[in-house]
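Close look at the chain arrangement
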Amino acid sequence: MIDQDKKSSLKTFEKRVFSGVQPTGGLTLGNYLGAVKRFVEMQSKEYKTIYCVVDQHAITAWQNPTELKQNTRQIAAFFIAAGIDPNSSILFNQSAVAEHAQLAWVFNCVARMGWMQRMTQFKDKAGKNAQNAALGLFAYPALMAADILLYHATHVPVGDDQKQHLELTRDIAIKFNHDYDIDFFPVTEPVIGGTASRVMSLRDGTKKMSKSDPSDLSRINMSDDADTIFLKFKKARTDAEALPSEIDGLKDRPEAENLVTIYSALSEQSMDKTLQEVGGKQFSEFKPILAECAVEILSPISREMTRLMQNADEIDSILASGAKRAREIASPILEKTYDIVGMLKPK
Ligand code: AMP
Ligand code: TRP
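Residues numbered from 1 in each chain as written. Chains lettered and ligands numbered in written order. Predicted model: local features only at pLDDT ≥ 70, side-chain atom pairs only at ≥ 80, totals over all residues. Heavy atoms only, no water.

**Focus: the overall build of the protein chain**
- Per the secondary structure count, the protein chain includes 14 helices and five strands.
- In summary, the protein chain has a C-alpha radius of gyration of 21 Å against a globular reference of 20 Å for 347 residues, a match within 12%.
- Counting only C-alpha atoms, the protein chain reaches 70 × 45 × 45 Å along its principal axes.
- Burial status across the protein chain gives 49% buried among its 347 residues. (Helix = DSSP H or I, 4+ residues; strand = E, 2+ residues; numbered from the N terminus. Rg over C-alpha atoms; globule rule 2.2 N^0.38 Å. Buried < 20%, exposed > 50% of the residue type's maximum accessible area, 1.4 Å probe, protein only.)

Next up, the structure:
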């Protein structure tokens, strides 16, 4: 019989947003447009927003310990410089709230080997020698599910590459609820969409823009200065035709589509509107317009990041108070989870 007490203890989930970025060094325009810009947009009365620097995910590949600490501060600085207000949003680093790892263990026991084996990010990151990959890299998506469900988050803004992990998070929530016959974890909505959920490499329009690409010309880094941004867009690969004035004209032109997407996302206008503006122009004319727009938006962010990074204490105290607020939400949810699962609580 269903335990009525368990059922009646359920609450309706308020709209709660959670997302995270790994402090693995190097931030790109892809991270900004696909993720952090959207984090900023979701800060409103309608949502409670929680943003996390996921340092425990970072160590699924070895990190230099001194650099990891700096990179953690750097992501926090990026969040703040991009417009996340640490007073209205909760901003913290994952390892500071032990409940993440604790819930992840429970989820390791809910998720199935077969589910994890299907994860394409694991296959990509483990490469040919999967036997030599860290166990943590394999379990990575269960920790990610814990990050999200520990706050009963209902909405998760991420880039397109995280879609499969979010589906797994839903599967974990559904299986947990089913196994324990309780409606406890929400089935989270991915918030992917938006113009730039997948920003592509400037050297190859079929590959994702990534901090790990060996060619620095393939990406715009958040730390690039104006000259570098102009140079990279100038050298960006394109085809020989002029820009079309309608979306259909971008078909099979991945590099052209990518540059138009980036410009639309930066200038906050639809692709249609952008093409009305730039249709008919040659790339030689369009690229400086795009570069100028990028500099106008990215320069103030990178300047503010540099300023914040010179004040490590300020960042550390923002993260510390965020962790405290995060724990206030996380702790009762972990406690309830333990109770549901049958862990005996010391009196
Ligand atoms: P990561 O740096 O891999 O931790 O990614 C942080 C966030 O940025 C995630 O939500 C990713 O989906 C997003 N992201 C990373 N690269 C891109 C890209 N090229 N286009 C769109 N989103 C991206
Ligand atoms: N896996 C995400 C990435 O690589 C980072 C991440 C960890 C995350 N935990 C999360 C994103 C929870 C959203 C919600 O980009």
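Still to come is the rest of the account.
**Some words on the pattern of salt bridges**
- In this structure the tally under the stated criterion is 19 salt bridges.
- The salt bridge partner of Lys 232 is Asp 216, with a shortest N-O separation of 3.0 Å. Here Lys 232, found in helix α10 (residues 226-235), pairs with Asp 216, found in the loop between β5 (189-191) and α10; they are 16 residues apart in sequence, far enough to count as distant.
- A relative accessible area of 2% means that Lys 232 is categorised as buried.
- On the basis of relative accessibility, which here comes to 36%, the residue Asp 216 falls in the partly exposed class.
- Several salt bridges converge on common partners, so that one network encompasses Asp 216, Arg 219, Asp 224 and Lys 232. (Salt bridge = Lys/Arg side-chain N within 4 Å of Asp/Glu carboxyl O.)

**So, the site of ligand 1**
- The environment of ligand 1 is made up of 17 residues, and the closest members are Gly 159, Asp 161, Val 199, Met 209 and Lys 211.
- At a separation of 3.1 Å, an oxygen atom of ligand 1 approaches a polar side-chain atom of Asn 31.
- Here an oxygen atom of ligand 1 sits 2.8 Å away from a polar atom, N or O, in the main chain of Gly 159.
- Bound to the protein, ligand 1 loses 92% of the 490 Å² it would expose on its own. (Near = heavy atom within 4 Å. Polar contact = N/O pair within 3.5 Å; in protein donor to acceptor, adjacent residues only side chain to side chain. Areas by Shrake-Rupley, 256 points an atom, 1.4 Å probe, with all protein chains shown as cover.)

**Re the pairing of strand β2 (residues 48-53)**
- Of all the six residues making up β2, five are buried; the element is thus mostly covered by neighbouring parts of the structure.
- In this structure, strand β1 (residues 16-21) lies alongside β2, joined through six bridges in parallel fashion. Within β2, the residue paired with Arg 16 across the bridge is Lys 48.
- Looking at chain direction, β2 and strand β3 (residues 90-93) are connected through four bridges and run parallel. Counterpart to Val 53 in the pairing with β3 is Asn 93. (Pairing = 2+ DSSP bridges.)

**Some details on the side chain of Lys 287**
- With respect to the element layout, Lys 287 can be found in helix α13 (residues 283-309).
- As a buried residue without a salt bridge, Lys 287 has its nearest oppositely charged side chain in Asp 239, at a separation of 9.5 Å.
- If near-sequence neighbours (up to four positions away) are discounted, Lys 287 is found in contact with Phe 233, Lys 234, Lys 235, Ala 236, Thr 238 and Leu 259. (Lys, Arg positive; Asp, Glu negative; His and termini not counted. Contact = heavy atoms within 4.5 Å.)

**Describing the domain arrangement of the protein chain**
- For the protein chain, the domain assignment lists domain 1 (10-197 + 312-341) and domain 2 (216-307).
- One C-alpha centre belongs to domain 1, the other to domain 2, and the line joining them spans 30 Å.
- Facing the 15 residues of domain 1 at the interface are 18 residues of domain 2.
- Taking both sides of the interface into account, the surface hidden between domain 1 and domain 2 amounts to around 1300 Å²; carbon and sulfur atoms contribute 76%.
- A per-residue breakdown of the area domain 1 buries against domain 2 is headed by Leu 29, Ala 81 and Thr 195, which together make up 39% of the total.
- Inspection of the region where domain 1 meets domain 2 yields two salt bridges.
- A salt bridge links Lys 37 to Glu 268, with the shortest nitrogen-to-oxygen separation between them at 2.7 Å. (Domains from an automatic or database assignment. Buried area = accessible area lost by both parts, 1.4 Å probe.)

**With respect to helix α9 (residues 163-179)**
- Its 17 residues give α9 an end-to-end C-alpha distance of 24 Å, which sits within 8% of 24 Å, the value for a rise of 1.5 Å per residue.
- Asp 181 occupies a position one or two residues after α9 and carries a positive phi of about 50°. (Expected span 1.5 Å × (residues − 1).)

**Focus on the packing of aromatic side chains**
- Tallying each qualifying case throughout the model produces 13 aromatic pairs.
- A centroid spacing of 5.4 Å and a plane angle of 15° characterise the contact between Phe 18 and Tyr 151, whose relative ring orientation is stacked. Of this pair, Phe 18 sits in strand β1 while Tyr 151 sits in the loop between α8 (135-149) and β4 (155-157), placing them 133 residues apart in sequence.
- Ring geometry for Phe 122 versus Phe 138: centroids 5.1 Å apart, planes at 75°, classification edge-to-face. A residue pair is termed long-range when its members are at least 10 positions apart, and Phe 122 in helix α7 (residues 120-126) and Phe 138 in helix α8 qualify at 16 residues.
- Residue classification places Phe 122 among the buried positions, given a relative accessible area of 14%.
- Taking the relative accessible area as the measure of exposure, Phe 138 reaches 15% and is therefore buried. (Phe/Tyr/Trp six-rings, centres within 6.5 Å; stacked < 30°, edge-to-face > 60°.)

**Some words on unusual backbone geometry**
- Residue Asp 252 is not a glycine yet carries a positive backbone phi of 60°.
- Within the element layout of this structure, Asp 252 appears in the loop between α10 and α11 (254-266).
- A relative accessible area of 73% means that Asp 252 is categorised as exposed.
- The backbone phi angle of Glu 268 is positive, close to 55°, even though this residue is not glycine.

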